[in-house]
Amino acid sequence: MFDLEKQFTIDTKSLQHKFTNLQRRLHPDKFSLKSAEEQEISSNVSAMINKAYSALLKPLSRGIYMLEQNGVHFGEEIRADEPELLMELMDINEKVDESTLETKREIFNEMQNKLGEVTETIQQSFTKNDIETVKKSVIRLKYYSNISDRLREQLPPE
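Residues numbered from 1 in each chain as written. Predicted model: local features only at pLDDT ≥ 70, side-chain atom pairs only at ≥ 80, totals over all residues. Heavy atoms only, no water.

### Notes on the overall build of the protein
Now for step 1: A tally of regular secondary structure across the protein gives six helices and zero strands.
Now for step 2: At 19 Å, the protein has a C-alpha radius of gyration far larger than the 15 Å of a compact globule built from 158 residues.
Now for step 3: Overall, the C-alpha framework of the protein stretches about 60 × 40 × 30 Å when taken along its three principal axes.
Now for step 4: Burial analysis of the protein (158 residues in total) assigns 34% to the buried set.
Now for step 5: Here the analysis covers contacts within the protein between residues at least 6 apart in sequence; of these, 66% occur between residues at least 24 apart. (Helix = DSSP H or I, 4+ residues; strand = E, 2+ residues; numbered from the N terminus. Rg over C-alpha atoms; globule rule 2.2 N^0.38 Å. Buried < 20%, exposed > 50% of the residue type's maximum accessible area, 1.4 Å probe, protein only. Contact = heavy atoms within 4.5 Å.)

### A word on the nonpolar core
Now for step 1: Grouped together as the largest cluster of nonpolar side chains are 28 residues, with contacts concentrated most on L67, I122 and F126.
Now for step 2: The set of elements that each furnish at least two residues to this core consists of α3 (59-69), α4 (83-98), α5 (101-127) and α6 (131-154).
Now for step 3: With eight residues, the top contributor of residues to this core is α6.
Now for step 4: In this structure, F2, I10, L15 and L56 belong to the second largest nonpolar core, which totals eight residues. (Core = buried A, V, L, I, M, F, W, Y, C linked by side-chain atoms within 4.5 Å.)

### Section: the pattern of salt bridges
Now for step 1: Under the criterion given, the structure shown has five salt bridges.
Now for step 2: Each of the salt bridges in this network shares a partner with another, and the network as a whole consists of E88, K114 and R140. (Salt bridge = Lys/Arg side-chain N within 4 Å of Asp/Glu carboxyl O.)

### A look at the packing of aromatic side chains
Now for step 1: Applying the stated criterion across every chain yields a total of two aromatic pairs.
Now for step 2: Relative to Y53, the ring of F19 lies with its centre 3.9 Å away and its plane at 15°, an arrangement referred to as stacked. You can see F19 sitting in helix α1 (residues 12-26) and its partner Y53 sitting in helix α2 (residues 36-57), a full 34 residues away along the chain.
Now for step 3: The exposure class of Y53 is buried, given its relative accessible area of 12%. (Phe/Tyr/Trp six-rings, centres within 6.5 Å; stacked < 30°, edge-to-face > 60°.)

In structure tokens:
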């Protein structure tokens, strides 16, 4: 649909450009004077484009989608079950709860580094077809993203 390489790392600007072009051509508003059948087709295709774009735009949803393409399904919820990861997450959350704004900014920066490292691990693991490592890394990505988002809400803009 977006004519992208089948890899985890994508050019999001290119994705956005292709999405915009597709929507420009296929958006339901363009079909308002067409038959009901053509309007329905346009609406369904537009919804499919939106769903695909949303899935590919962010690393977490892209990783989940690519895992599903490889037969791995998380079900209702992605859960961490590695004791090491659980301890790390508890420690980080405790630090966030007890920290000053300055420390929260430091933790936020650490989380951005962790997100970058995990994203790189996912890319390399997909390249090697190491699906088990991808799965574990996507779980990490989910939790690190949640902490990062939480901190982003608590920090004033720079």
